[in-house]
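Here are the chains, one letter per residue:
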Amino acid sequence: MFSRFAAFMVALNACRVEGGTSDEGNAAGWVRVHCVKSWFRKFKPFAFRITDSTSIEGRVVMDIQLNAQIEATNREKVAEYVLTTYGAGERFTKKDVAAGAEVSDNSALKVLGQLVETKQLCAEGEKRHRKYFLPDDRGEKGAKE
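As a starting point, this report considers the structure included with it. Keep in mind that this is a model prediction, so the values were computed, not measured.

**Points about the nonpolar core**
Argument step 1. The biggest cluster of nonpolar side chains holds 18 residues, and the ones touching the most others in it are Val 78, Val 82, Phe 92, Val 97, Leu 112, Leu 121 and Tyr 132.
Argument step 2. Every element with two or more residues in this core is listed here: helix 2 (74-85), helix 3 (94-101) and helix 4 (105-117).
Argument step 3. With five residues, the single largest contributor to this core is helix 4.
Argument step 4. Excluding its chain neighbours within four sequence positions, the residues that come into contact with Val 97 are Val 78, Tyr 81, Val 82, Tyr 86, Phe 92, Glu 102, Ala 108 and Leu 112.

Given below as structure tokens:
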């Protein structure tokens with residue numbers, strides 16, 4: 001069942017595969033797989049390596065090593081984007097953050113609200129006119145909720 005599902009998923013994705021030889025040119029033997037196009041959400045690039053050996057009984061043993069990148073959560077993306085992009089007191093909107101952190105407007109709004117609740121961010125204004133900013137180093141919050 002799983003192999004049919006995996007084959008179906010591969011058929012609906014256009015992938016680019018790089019490397020894969022274990023000769024002197026690519027001593028590590030890692031194969032890198034990238035999603036070029038997909039009917040579904042594109043997957044993050046990953047790498048794998050297959051090494052084979054012969055067991056004592058004379059059987060071929062294949063060792064598969066997978067190097068998968070785990071995608072950051074929306075909270076991590078938004079927090080990192082805000083901290084690395086804006087200075088203390090600099091105003092920004094949820095649309096600015098959503099575009100920069102590559103998350104949806106709703107996800108950005110949810111995470112920004114959580115950051116305001118935990119006092120990591122300040123906010124002013126209401127609804128569509130709400131602006132967010134990092135508190136300054138002097139401890140002045142100025143947040144209106």
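After presenting the structure, the write-up continues.
**Notes on the side chain of Thr 93**
Argument step 1. By the element assignment, Thr 93 lies in the loop between helix 2 and helix 3.
Argument step 2. Residues within four places of Thr 93 in sequence aside, it is in contact with Arg 130 and Lys 131.

**Here's the deal with the packing of aromatic side chains**
One pair of aromatic rings is described through two measures. These are the centre distance and the angle between the planes.
Argument step 1. Taken as a whole, this structure holds three aromatic pairs when the rule is applied.
Argument step 2. Arranged with centres 5.9 Å apart and planes meeting at 85 degrees, the rings of Tyr 81 and Tyr 86 form a pair that is edge-to-face.
Argument step 3. Aromatic pair Tyr 86 and Phe 92: ring centres 4.2 Å apart, planes at 15 degrees, arrangement stacked. Grouping residues by exposure puts Tyr 86 and Phe 92 together as buried.
Argument step 4. Every member of this aromatic cluster is reached through a ring pair, and the members are Tyr 81, Tyr 86, Phe 92 and Tyr 132.
Argument step 5. For Arg 91, the ring lying beneath its charged end belongs to Phe 133, and the centroid distance is 3.8 Å.

Reading guide: rules and limits
Residues numbered from 1 in each chain as written. Predicted model: local features only at pLDDT ≥ 70, side-chain atom pairs only at ≥ 80, totals over all residues. Heavy atoms only, no water. Core = buried A, V, L, I, M, F, W, Y, C linked by side-chain atoms within 4.5 Å. Buried < 20%, exposed > 50% of the residue type's maximum accessible area, 1.4 Å probe, protein only. Helix = DSSP H or I, 4+ residues; strand = E, 2+ residues; numbered from the N terminus. Contact = heavy atoms within 4.5 Å. Phe/Tyr/Trp six-rings, centres within 6.5 Å; stacked < 30°, edge-to-face > 60°. Lys NZ or Arg CZ within 6 Å of the ring centre and 35° of its normal.

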